[in-house]
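Structural overview for review
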Amino acid sequence: MKRLFTLLAVLVAFSLYGQKGTHSPYSIFGVGELNNQQYAAIAAMGGVSVANTDSTIVNYANPASYAYVHRYRPIFQLGLNGRFSQFITESGTTNQRHFGLNQFQLGLPIKKRWGAAFGIKPYSFSGYTVTNLVIDSDGDTTQQFVNEGSGGISMVYLGVSALPIKTSKTKPKYFKTLYTENGEQKERLDSMSVTRKHQLSLGFNANYLFGSAIRKRSFEYVSPILGWNSRVENSLRVSDVTLDLGLNYQYSFISDSSGGSIAFGATYTPSRKLRAFQDLIAYSYGGSFYDGIAPAIVDTIQFIEDNEGNILIPEAYKVGLEYRIGPNRINTSVLRIGADFQFQSWSKYDEQFDGSSYTNQLKDRMSIGLGLEWTPETVVMNRGNSTSFLGRLHYRLGFNYTQTELRILNNLDEYQNLDDYGMSFGLGIPVGVANRSNTNINFGAKFGKLGTAENGLIQEKYIGVFFGLSITPGVGSYWFVKRKYK
């Protein structure tokens, strides 16, 4: 198992570092397109996750959730995401797609009321090629400007969570019952037990960001007799640590006739100046990078290597609520309804390097998400196992709206805000119910729209697909237990 885990970690690390996770031209701004694609079970609920403490998955969105990983039953979690995009302009459309590994996570119970998580996932992507042609009065192309981007920033994180408050009290609840005896209606005093719980967990993530975003800008004449072509290649490399803080409070109750809980979650990410390096080379050349003719460098105009500076990642806030109906002591059906609000002040993003300046065109990012999950029959300890396969499935639905950090100058010389709308749905399939394992397979899909095609801008209509696998040992296969032999 140790060899398998090591192999998976290495493969995922190389896959995440090397894959092209976006084709969006808007990944030219800031550190690239932010990776907001979450694990399949969460993405299917509109991204609602801040108040979630589901013990069957690793929830990176709130580190306070790690304390709810079952003791002796770690979680190995793998996520794959894909996106089928149609980019629309006033003059035409183009289709792009990509699919690959998006995250690898490990949830570990440390000891009673303590949990931890380790994982690797992309933080941002750059991946675009945008060509602008200059056409003369005769309709002939004379020049072309090409912007290209590749690479991205990856993230390795380690999180720890504790559950300092966990109280449970069972008290009788008295009520009056009417009954008929010998034709006469009478009243008696009955009772039932009600269990109430209060739980508070705290946690943090330490995130190591690394990787580079590469930007290339080329200017070429169609005919070589018009002059030399020119190109600027700029690489932004990041290597530093950020921190996330989280809390979760839950109040739950259960009786013979009712059961449920309400949870509140919140996280805070302080702003952080990350250590970064800039490599830049500008040169003129003959030939072309785009017509198969091998280019030849004529003159180097500027060369900068390992120019140390920093980039400011702004602070972020997340809050979430979740209301759960069920199970009670009779019915095992569960309905979860959640809502999230997230804010990050990207208007404060900044890059500082000697000899260079950066103009921030970003604005603050805000998003809301709504989601629900319905499980007709859940497996509850000491109550036997559900027998209906369709009843054990998790049915999910969600909606999200995002005012992105993007603010684009259109052909009217006006800044246009870009909004993202999406609706998602999905399915969770439990595996190995016979031994009460939390192993599950999750599928999800999202239909979304980003931006507008008016006034020279580009609109993206997309379908996101998500696949997730969470593996845990069964009840009879406890891990991290000190064995005793007699």
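Keep in mind that what you see is a predicted model, and the values were worked out from it rather than measured. Residue positions are counted from 1 within each chain, in the order its sequence is given. A pLDDT threshold of at least 70 governs which residues receive local features in this predicted model, and a stricter bar of 80 or more applies before side-chain atom pairs are shown or counted, although totals over entire chains, interfaces and linings include all residues. Note that the side-chain values use all heavy atoms of the structure and ignore hydrogens as well as water.

**Focus: the overall build of the chain**
Which entries qualify depends on this criterion: Secondary structure is summarised from DSSP: a helix means a run of H or I of at least four residues, a strand means a run of E of at least two, and numbering begins at the N terminus for each. Buried, partly exposed and exposed residues are distinguished by accessible area as a fraction of the type maximum, computed with a 1.4 Å probe on protein chains only: under 20%, between the cut-offs, and over 50%, respectively. Using the Shrake-Rupley algorithm and a 1.4 Å probe, accessible areas are obtained, with residue cover drawn only from the displayed protein chains.
Helix and strand content of the chain: three helices and 19 strands. Going through the 486 residues of the chain one by one, you find that 48% of them count as buried. As displayed, the chain offers around 24,600 Å² of accessible surface, 57% of which is attributable to carbon and sulfur atoms.

**Some points on the nonpolar core**
Condition: Buried Ala, Val, Leu, Ile, Met, Phe, Trp, Tyr and Cys residues that are joined via side-chain atoms within 4.5 Å together make up what is termed a nonpolar core. Note on definitions: a residue-residue contact is assigned when non-hydrogen atoms from the two residues lie within 4.5 Å.
Formed by 29 residues in total, the largest nonpolar core has its most connected members in Val-31, Tyr-123, Ile-311, Ile-313, Trp-346 and Tyr-349. Those elements that provide at least two residues to this core are β4 (114-125), β6 (141-181), β8 (229-254), β10 (272-286), β11 (296-313) and β16 (394-409). Looking at this core, the element that brings in the most residues is β6, giving three residues. Ignoring sequence-local partners within four residues, the contact set of Tyr-123 consists of Val-31, Glu-33, Leu-34, Asn-35, Ile-153, Ser-154, Met-155, Leu-209, Ile-313 and Trp-346.

**So, the environment of Ile-304**
Along the polypeptide, Ile-304 turns up in strand β11. Separated by 70 residues in sequence, Ile-304 and Asn-234 have C-alpha atoms that sit 9.3 Å apart. Not counting chain neighbours up to four residues away, the residues in contact with Ile-304 comprise Gln-278, Asp-279 and Leu-280.

**Notes on the pairing of β16**
Here is the rule we go by: A pair of strands is considered paired only if DSSP assigns at least 2 bridges between the two.
With nine bridges joining them, strand β15 (residues 365-375) and β16 adopt antiparallel strand pairing. Bridged to Leu-370 within β16 is Phe-399. Sheet topology note: the β16/strand β17 (residues 415-430) ladder contains 13 bridges and is antiparallel. By the bridge assignment, Thr-402 is partnered in β17 with Asp-420.

**Examining a positive patch on the surface**
Which entries qualify depends on this criterion: The residues that make up patches have over 30% relative accessible area and no salt bridge, and they are joined within 9 Å when like-charged or within 5 Å when they are Val, Leu, Ile, Met, Phe, Trp or Tyr. Any Lys or Arg side-chain nitrogen found within 4 Å of a carboxyl oxygen on Asp or Glu counts as a salt bridge. Charged residues are defined narrowly, with Lys and Arg counted positive, Asp and Glu counted negative, and His plus the chain ends left uncounted. We put the charge of a Lys on NZ, of an Arg on CZ, of an Asp on CG and of a Glu on CD.
A contiguous patch of positive charge, built from Arg-71, Lys-112, Arg-113, Lys-166 and Lys-197, is present on the exposed surface. With respect to the secondary-structure elements, Arg-113 resides in the loop between β3 (93-111) and β4.

**Things to note about the packing of aromatic side chains**
Test applied: Working definition: rings of Phe, Tyr and Trp (its six-membered ring) pair if their centres are within 6.5 Å, and the pair is stacked with planes under 30 degrees apart, edge-to-face with planes over 60 apart, and tilted otherwise.
Within this structure, the stated rule accounts for 13 aromatic pairs. Consider the rings of Tyr-208 and Phe-210, whose centres lie 5.6 Å apart with planes at 15°: the pair is stacked. The exposure class of Tyr-208 is partly exposed, given its relative accessible area of 35%. Grouped by ring-pair contacts, the aromatic residues Phe-145, Phe-219 and Tyr-221 constitute a single cluster.

**Here's the deal with the pattern of salt bridges**
In total, this model carries 14 salt bridges according to the counting rule given. One salt bridge in this structure joins Glu-148 and Arg-231, with 2.7 Å as the shortest N-O distance. Of this pair, Glu-148 sits in strand β6 while Arg-231 sits in strand β8, and the two are 83 residues apart along the sequence. Judged on exposure class, the residue Glu-148 and its partner Arg-231 are both buried. Where Arg-231 meets Glu-233, a salt bridge forms, and the shortest distance between an N and an O atom there is 3.4 Å. Shared partners join several salt bridges into a network, and the residues in it are Asp-54, Glu-322, Arg-324, Arg-336, Glu-373 and Arg-396.

**Quick word on the side chain of Asn-81**
Mapped onto the secondary structure, Asn-81 falls in strand β2 (residues 75-88). Discounting chain neighbours no more than four positions away, the residues touching Asn-81 are Gln-37, Gln-38, His-98, Phe-99, Gly-100, Asn-102, Val-465 and Phe-466.

**Some points on the environment of Lys-197**
With respect to the helices and strands, Lys-197 occurs in strand β7 (residues 184-221). The spacing of Lys-197 and Phe-253 is 56 residues in sequence and 6.3 Å in space, taken between C-alpha atoms. Residues in contact with Lys-197, not counting those within four places in the same chain, are Thr-167, Ser-168, Gln-250, Tyr-251 and Ser-252.

**A short note on the pairing of β3**
It is a general feature of regular strands that their side chains alternate between the two faces of the sheet. Pairing of β2 with β3, which is carried by 14 bridges, proceeds in the antiparallel orientation. Considered in β3, the bridge of Phe-84 is made with Arg-97. Direction of pairing for β3 relative to β4: antiparallel, over a ladder of seven bridges. Counterpart to Lys-111 in the pairing with β4 is Trp-114. In textbook terms, the turn of a hairpin is the stretch between consecutive antiparallel strands, and for β3 and β4 this stretch comprises two residues, one of which, Arg-113, has a positive phi near 70°.

**Looking at unusual backbone geometry**
In this structure, the amide linkage connecting Gly-326 to the following residue, Pro-327, adopts the cis form with an omega of -5°. On the secondary structure map, Pro-327 appears in the loop between β12 (316-325) and β13 (334-344). A positive phi angle, close to 60°, is found at Asp-413, a residue other than glycine. Assignment of secondary structure puts Asp-413 in the loop between β16 and β17.

**Quick look at the confidence of the model for the chain**
Applicable threshold: Note on scores: pLDDT gives the predictor's confidence for each residue, bounded by 0 and 100.
Taken as a whole, the chain shows an average pLDDT of 84; of its residues, 86% reach a score of 70 or greater. Below a pLDDT of 50 lies the segment residues 14-18, which in the model reaches 11 contacts outside its immediate sequence neighbourhood of four places, other chains included.

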